[in-house]
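# Observations on the model geometry
One letter stands for each residue in the lines below.
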Amino acid sequence: MGESFALRGRAALDEIFRLQYDQLLRFCRIRLGNVPDAEDLVQEAFLSVRRAYPDKGVEELRPLLFTALRNLTLDYLKSGYAKRARSSDAFSDLGDVLACARSPTPETQMIDIQSLAIVQDALARLEPRKRDALLLSRLERLTHKEIAVRLSVSPRTVRSDITEAIAVMAKSLASSNH
């Protein structure tokens, strides 16, 4: 990989695409839950970075690419298109069936109950500010700025607190599956 750091411009971007496409796609797919849209956003990130930074090397392009993809993903999630697509998918699967196609089975209900208990336990163990930031963000749908005002911290601190709280939740759920 040492020689790939010497690559610049299109060759550098091609090398990053070859080495990290799967990681970038996974990064985006986890956030979107939608493979086709994730693929589109990864492609868009590559194109925008290529246009904006035609002469950068691999070591400079990699963080730019992840930042571009993160920003595109956030913009997508905030867009009305993403919300409409999710809701129309849920209804289009119904067809002529009167019952909801996504009705929980007793097994999925039990898994959901267990997962909820794990999340509640993890929430209880969080530092109060991190728990409050997460709940204000996810339940009340407040912006980072609005949360920052309520908690008397900076928006950057809110973002960090939410990220750490989500990581704790994910780790708790992942460790319970083993």
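Before reading further, recall that the structure is shown in the block above.
This report concerns the structure included in the present document. Only a predicted model underlies this, so the values are computations on that prediction, with no experimental measurement involved.

### Digging into the overall build of the chain
Across its full length, the chain carries eight helices and zero strands. When the elements of the chain are put in sequence order from the N terminus, they spell out α-α-α-α-α-α-α-α. Buried residues in the chain amount to 28% of all 178 residues. Carbon together with sulfur atoms contributes 56% to the accessible area of the chain, which is approximately 12100 Å² in total.

### Focus on the packing of helix α2 (residues 35-52) against helix α3 (residues 58-78)
It is the contact of α2 with α3, at a shortest axis distance of 9 Å, that shows an interaxial angle of 130°. With respect to α3, the element α2 is oriented oblique. Here α2 and α3 pass one another in a crossing that is right-handed. Seen from α2, the contacting residues are Asp37, Leu41, Val42, Glu44, Ala45, Phe46, Ser48 and Val49; seen from α3, they are Leu61, Leu64, Leu65, Ala68, Leu69, Leu72, Thr73 and Tyr76. Taken together, the residues that form the contact of α2 with α3 break down as 12 nonpolar, two polar and two charged.

### Topic: the environment of aspartate 121
With respect to the element layout, aspartate 121 can be found in helix α5 (residues 106-125). Classification of aspartate 121 as partly exposed rests on a relative accessible area of 42%. Along the primary structure aspartate 121 and serine 172 are separated by 51 residues, whereas in three dimensions their C-alpha atoms are 8.9 Å apart.

### Here's the deal with the pattern of salt bridges
In the structure shown here, the tally under the stated rule is six salt bridges. Here lysine 130 makes a salt bridge to glutamate 127, at a shortest N to O gap of 3.6 Å. The exposure class of glutamate 127 is partly exposed, given its relative accessible area of 48%. For glutamate 140, the salt bridge goes to arginine 150, with nearest N and O atoms at 3.1 Å. Here arginine 150 lies in helix α7 (residues 144-151) and glutamate 140 lies in the loop between α6 (128-138) and α7, a separation of 10 residues in the sequence.

### Here we look at the nonpolar core
Counting residues in hydrophobic clusters, the biggest one holds 22 residues, and the most contacted among them are Cys28, Leu41, Val42, Phe46, Leu65 and Leu69. When residues of this core are traced back to their parent elements, those giving at least two are α1 (9-32), α2 and α3. In terms of residue count, the dominant contributor to this core is α1 (nine residues). Formed by 13 residues, the second largest nonpolar core is a distinct cluster that contains Leu123, Leu126, Ala133 and Met169.

### Description of unusual backbone geometry
Even without glycine at this site, arginine 141 takes up a positive phi of about 55°. One can find arginine 141 in the loop between α6 and α7. Owing to a relative accessible area of 64%, arginine 141 belongs among the exposed residues under this scheme. Although it is not a glycine, serine 152 sits at a positive phi angle of roughly 60°. Tracing the backbone through its elements, the reader meets serine 152 in the loop between α7 and α8 (155-176). For serine 152, a relative accessible area of 67% puts it in the exposed group.

### Quick look at the packing of α6 against α7
One way to put it is that α6 packs onto α7 with a least axis distance of 10 Å and a crossing angle of 140°. With respect to α7, the axis of α6 lies oblique. Remark: the crossing between α6 and α7 carries right-handed chirality. Mapping the contact onto sequence places Arg129, Asp132, Ala133, Leu136 and Ser137 in α6 and Ile147, Arg150 and Leu151 in α7. Looking at the contact of α6 with α7 residue by residue, the classes come out as four nonpolar, one polar and three charged.

Parameters at a glance
Residues numbered from 1 in each chain as written. Predicted model: local features only at pLDDT ≥ 70, side-chain atom pairs only at ≥ 80, totals over all residues. Heavy atoms only, no water. Helix = DSSP H or I, 4+ residues; strand = E, 2+ residues; numbered from the N terminus. Buried < 20%, exposed > 50% of the residue type's maximum accessible area, 1.4 Å probe, protein only. Areas by Shrake-Rupley, 256 points an atom, 1.4 Å probe, with all protein chains shown as cover. Axes fitted to C-alpha atoms, helices over the stretch in contact; angles between N-to-C directions. Parallel < 35°, antiparallel > 145°, perpendicular 65-115°, else oblique. Left-handed = near helix turned anticlockwise from the far one by under 90°. Contact = heavy atoms within 4.5 Å. Nonpolar A, V, L, I, M, F, W, Y, C, P; charged D, E, K, R; others polar. Salt bridge = Lys/Arg side-chain N within 4 Å of Asp/Glu carboxyl O. Core = buried A, V, L, I, M, F, W, Y, C linked by side-chain atoms within 4.5 Å.

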